[in-house]
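# What the coordinates show
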Amino acid sequence: MMTIDRCYCYQQTFADLKTVAEETGADSVHALQSHVTFGENCQLCHPYVRRMMETGETVFHEVLEDGEA
Ligand code: FES
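Residues numbered from 1 in each chain as written. Predicted model: local features only at pLDDT ≥ 70, side-chain atom pairs only at ≥ 80, totals over all residues.

### Points about the packing of helix H1 (residues 14-24) against helix H3 (residues 46-55)
At a minimum axis distance of 10 Å, the contact between H1 and H3 shows a crossing angle of 55°. Put simply, H1 runs oblique to H3. The element H1 and its partner H3 pack so that their crossing is right-handed. Here H1 contributes Phe14, Leu17, Lys18 and Ala21 to the contact with H3, which in turn contributes Tyr48, Val49, Met52 and Met53. Per-class residue counts for the contact of H1 with H3 are 7 nonpolar, no polar and 1 charged. (Axes fitted to C-alpha atoms, helices over the stretch in contact; angles between N-to-C directions. Helix = DSSP H or I, 4+ residues; strand = E, 2+ residues; numbered from the N terminus. Parallel < 35°, antiparallel > 145°, perpendicular 65-115°, else oblique. Left-handed = near helix turned anticlockwise from the far one by under 90°. Contact = placed C-beta atoms within 7 Å. Nonpolar A, V, L, I, M, F, W, Y, C, P; charged D, E, K, R; others polar.)

### So, unusual backbone geometry
Here the phi dihedral of Gln11 falls at roughly 50°; this positive angle occurs in a residue that is not glycine. With respect to the element layout, Gln11 can be found in the loop between strand S1 (6-7) and strand S2 (12-13). Its identity as a non-glycine residue notwithstanding, Gln43 has a phi of 70°, on the positive side. Position of Gln43 among the secondary structure elements: in the loop between helix H2 (29-33) and H3. Its 14 C-beta neighbours within 10 Å are what place Gln43 among the partly exposed residues. (Buried ≥ 20, exposed ≤ 12 C-beta atoms within 10 Å, placed from the backbone.)

### Side note on H1
Taken together, the buried positions of H1 are occupied by Phe14, Leu17 and Ala21. The buried side chains of H1 occupy one side of the element, clustering within an arc of 60° when seen end-on. What points out from H1, more than 90 degrees from its buried face, is the exposed set Glu22 and Glu23. Lining the buried residues of H1 we find S1, S2, H2 and H3. Where H1 terminates, the next one or two residues include Gly25, which has phi positive at roughly 80°. (Arc of directions from axis to C-beta.)

### Quick notes on the nonpolar core
Listed in full, the 11 residues of the largest apolar core are Cys7, Phe14, Leu17, Ala21, Leu32, Phe38, Cys45, Tyr48, Val49, Met52 and Met53. Where this core is concerned, the elements lending two or more residues are H1 and H3. With 4 residues, H3 is the largest single contributor of residues to this core. If we ignore the near neighbours within four places in the chain, the residues touching Phe38 are Cys7, Tyr10, Gln12, Leu17, Gln33 and Cys45. (Core = buried A, V, L, I, M, F, W, Y, C linked by C-beta atoms within 7 Å.)

Interpretation note: all reported values are geometric properties and have no functional meaning in isolation.
Here is the structure:
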């Protein structure tokens with residue numbers, strides 16, 4: 001099964017990014033990027049990080065594309 005659980009370019013897991021979001025109150029990809037370096041290369045992780053912020057999920061088994069909320 002496909003598992004997507006991190007920003008692969010920067011090796012930052014969504015679980016760790018979630019912790020940072022909770023600790024800082026960051027509520028968007030951009031806000032979170034001011035606290036931790038991720039998502040600055042291919043940006044394929046952005047829709048997953050947005051979903052993580054909405055639902056708390058940190059492990060995904062489906063392809064999410066930009067524009068999906
Ligand atoms: S996977 Fe996050 S920038 Fe490429």
